[in-house]
Amino acid sequence: MRIPSVKRLLSPQLIALLGVLLFNWIVFPGFFDVAWRDGRFFGSLIDVINRGAPVAILSIGMTAIIATRGVDLSVGAVMAVAGAVAATCAVTGQPVIIMLLAPLAVGMLCGLWNGFLVSILGIQPFVATLVLMVAGRGVAQLITEGSIVTFNDPVLIFIGTGSFLGLPMPAVIAIALMVGAHLLVRRTAIGLFIEAIGINRSAANYTALRSRSLVLAIYAFGGVCAAIAGTIAAGDIRGADANNTGLWLELDAILAVVIGGTSLMGGRFSIPLSVVGALIIQAMNTGILVSGFPPEFNLIVKAGLIIIILVLQSAKLAPTLDRIIKQRPVQPSIQTSEKTG
Amino acid sequence: MNPRYRPLAATTLIFVVAYGLCILQYPGMWSTRILGNFLTDNAFLGIAAVGATFVIISGGIDLSIGAVIGLAGVVVAVLVSHLGLHPIAAFGIVLTMSAVFGAAMGAVIHFLQVPPFIVTLAGMFLARGLASILSQDSIPISHPFYKTIMDLYYRLPGGGRLSAIGLLMLLVFLFGGLIAHRTRFGSYVYALGGNPTSAALMGVPTGPVTIGIYALSSLLGGLAGIVYSLYTSAGYPLAAVGIELDSIAAVVIGGTLLTGGYGFVFGTLIGVMLQGLVQTYIVFDGTLSSWWTKIAIGVLLFLFILLQQLVFSAHKAGARLKKAAA
């Protein structure tokens, strides 16, 4: 891969992440302490990466979907369905390969269903995925028969809580998925196709781009990402909770993508920056926890963050802000606002 | 029949047929008691859904309704139970606050040109967060005025009760319908949803209209929160979580297009009633588990958007003409 220049590394998202981490360090001096114990790292920083992994994985799929000018509200429900499938497989003693592939297959099916509604039937993404968001949790409860299915399968538990090279397994999966997806969209023409569809679908069609099957595939990919996150969530609590797994995580995932600079109007997107967005959200959550603020402030801080990002990304204000920012060395507007938040 | 009314007629027909099938199976469902309870139990959802109808007809979306309901309920409870204000004064304060909150969201949407999805998502976090900061627990409201209102009802023939909040919901639907179809503001809303650029070129004041739409939506959210606090005699910060999606589902089932520019307030009433019917049917059946409610509403939602898609692809040329006329 190309070596990113210093200027590219200093994206507003990374500065914001550093700002939040710095704030956490100020309120909780032990924040950056990382200890090595039992063959893995421990510490608040590792915790941020670990806890942020499910939303990061969701945001990878969501980035591609939003880049095509869509949205997927069903990822939280798909997480619940995938978790229920994985737990049921574990309880009924299926072979490991089936236990791991079945949730992914179900997730892909859910994604294909969304993609079918959006791409083939031409239904608006918001309402098309709302169908599965409403019904999916019901389906998950149907699979678990309304109870929380607990299991003791070592493989699933390893996926949820194990570690690889000292890093927590969810983080390893998220990083691998991020690198894989990023290479796939940037080293092939797929990324260009996605952006073309997002910017102007009919123009993309006129350039002989098969937007129909591509959109279908992207929603399927989003479903698979949700299924991976669902399997991790199930392994983490050693059970499938159809009611609460992934509840409202679709909003966090969309928020992560928007923080990452991908516009809801489609087009330009960046998967790594969406993952940074997910980490910013998690760093704020952890920061509020370790600083001893009541967790209720979390929502207000989140709202404040969205408003700041809105102002920064706003089509009307952006040119003016750009001018202001270019006159100064770093981007002070973001740093200061993060600290006050 | 005017093709404009076809989706609305289809929705109404499906509701009547579904209700008829339910009655065939459980004759007990044909009673004004059930109908009265329908209205009372879904009053807050219905009121919120009227606001959602306006927002969706204008081509926007409001994710903050549920959070506004929760916040309004908590503020009423704090004002009445902790500060000893009379409920009517508290209602006035809450409705004003809600309208200002919505107007602020509308202003951000209009002046910063950002998608309503994100703005109202921030509004949702803000309102829910404020409600949780005001109180973590449910605050009971035991003012005599609350008891008076909840004891008010009109006895329908057959023993059913049309409660005050049920009646309020019907009135809100009536006023909503009048505003949408009989006022200048209403036609502005349709024009904005059809095509914002042509609306602006035709002289629609898009700024004030956008602010007005979101103010109306939050105002009705606040009213729904008051109704919810009457219904439960309490204010709870986590009340009505996810109601925004239920109300959007009701609006879509009621035949309103999420792309904007087309829809009826009356259809939303049918959408709310259909969701209530599914729940009542599952209660009557007794053997079906609660998760079938979710699956049934999901399937209903799917069938209705499919129906709309068919109706609109069949009359695409006609629909375009209509949009231009609207």
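About the cut-offs
Residues numbered from 1 in each chain as written. Chains lettered and ligands numbered in written order. Predicted model: local features only at pLDDT ≥ 70, side-chain atom pairs only at ≥ 80, totals over all residues. Helix = DSSP H or I, 4+ residues; strand = E, 2+ residues; numbered from the N terminus. Buried ≥ 20, exposed ≤ 12 C-beta atoms within 10 Å, placed from the backbone. Contact = placed C-beta atoms within 7 Å. pLDDT = per-residue confidence, 0-100. Nonpolar A, V, L, I, M, F, W, Y, C, P; charged D, E, K, R; others polar. Axes fitted to C-alpha atoms, helices over the stretch in contact; angles between N-to-C directions. Left-handed = near helix turned anticlockwise from the far one by under 90°. Expected span 1.5 Å × (residues − 1). Core = buried A, V, L, I, M, F, W, Y, C linked by C-beta atoms within 7 Å.

**Section: the overall build of chain A**
Thinking step 1. Per the secondary structure count, chain A includes 16 helices and six strands.
Thinking step 2. The 341 residues of chain A split such that 53% are buried.
Thinking step 3. Expressed as a percentage of contacts within chain A between residues at least 6 apart in sequence, the contacts between residues at least 24 apart total 79%.

**Description of the environment of G61 of chain A**
Residues and elements named next belong to chain A.
Thinking step 1. Its location among the elements puts G61 in helix α3 (residues 44–67).
Thinking step 2. On the neighbour-count criterion, G61 (32 C-beta atoms within 10 Å) is buried.
Thinking step 3. Measuring from C-alpha to C-alpha, the distance between G61 and V96 comes to 25 Å, with 35 residues separating the pair along the chain.
Thinking step 4. When neighbours within four sequence positions are excluded, G61 is seen to be in contact with F221, G222, C225 and A226.

**Section: the confidence of the model for chain B**
Thinking step 1. Here chain B averages 88 in pLDDT, while 95% of its residues score no lower than 70.
Thinking step 2. Of the two predicted TM-score estimates for the complex, the pTM is 0.87 and the ipTM is 0.84.

**A few points about unusual backbone geometry**
All names here are of chain A.
Thinking step 1. Unusually for a residue other than glycine, R238 sits at a positive phi of about 55°.
Thinking step 2. With 18 C-beta atoms counted inside 10 Å, the residue R238 sits in the partly exposed group.
Thinking step 3. A positive phi angle, close to 65°, is found at W248, a residue other than glycine.
Thinking step 4. Along the polypeptide, W248 turns up in the loop between β6 (239–240) and α12 (249–259).
Thinking step 5. Residue classification places W248 among the exposed positions, given that 12 C-beta atoms sit within 10 Å.

**Digging into the interface of chain A and chain B**
Thinking step 1. The interface is formed by 37 residues belonging to chain A together with 36 residues belonging to chain B.
Thinking step 2. When residues of the side of chain A that touches chain B are traced back to their parent elements, those giving at least two are α6 (125–144), α12 and α14 (297–313) of chain A.
Thinking step 3. Residue composition of the side of chain A that touches chain B, grouped by class: 27 nonpolar, six polar and four charged.

**Quick word on the packing of helix α4 (residues 65–82) of chain B against helix α5 (residues 87–112) of chain B**
Residue and element names in this part refer to chain B.
Thinking step 1. With their axes 9 Å apart at the nearest point, α4 and α5 run at an angle of 145° to one another. When you trace α4 past α5, the crossing you get is right-handed. Contacts between α4 and α5 involve V68, A72, V75, V76, L79 and V80 from the first element and P87, A90, F91, I93, V94, M97, S98 and F101 from the second.
Thinking step 2. The class makeup of the residues in the contact of α4 with α5 is 13 nonpolar, one polar and no charged.

**Some points on helix α5 (residues 96–120) of chain A**
Thinking step 1. Relative to the 36 Å expected for 25 residues at 1.5 Å per residue, α5 of chain A spans 35 Å between its end C-alpha atoms, a close match to the ideal helical length.
Thinking step 2. Once α5 of chain A finishes, G122 of chain A follows within two positions and takes phi at roughly 70°, a positive value.

**Observations regarding helix α13 (residues 265–285) of chain B**
Residues and elements named next belong to chain B.
Thinking step 1. With 21 residues, α13 extends 31 Å from end C-alpha to end C-alpha; this agrees with the ideal 30 Å at 1.5 Å per step.
Thinking step 2. Burial analysis of α13 places 16 of its 21 residues in the buried class, which makes it a mostly covered element.
Thinking step 3. Positive phi shows up at G286, right after α13, with a value of about 80°.

**Here we look at the nonpolar core**
Thinking step 1. Among the nonpolar cores identified, the biggest contains 228 residues, and I57 and V81 of chain A together with I47, A48, I69, V227 and L301 of chain B are the most heavily contacted of them.
Thinking step 2. Not counting residues within four places of it along the chain, the set of residues in contact with I69 of chain B comprises F44, A48, G221, A224, G225, Y228, A239, A240 and I243 of chain B.

**Description of the confidence of the model for chain A**
Thinking step 1. For chain A, the mean per-residue pLDDT works out to 84, and 89% of the residues sit at or above 70.
Thinking step 2. Note that pLDDT drops below 50 for residues 328–341 of chain A; the model gives that stretch 19 contacts with residues more than four away or on any other chain.

**Here we look at the environment of P12 of chain A**
Residue and element names in this part refer to chain A.
Thinking step 1. By the element assignment, P12 lies in helix α2 (residues 12–27).
Thinking step 2. P12 gets classed as buried once you count the C-beta atoms within 10 Å, which come to 20.
Thinking step 3. Through-space distance from the C-alpha of P12 to that of L273 is 9.7 Å; in sequence the pair is 261 residues apart.

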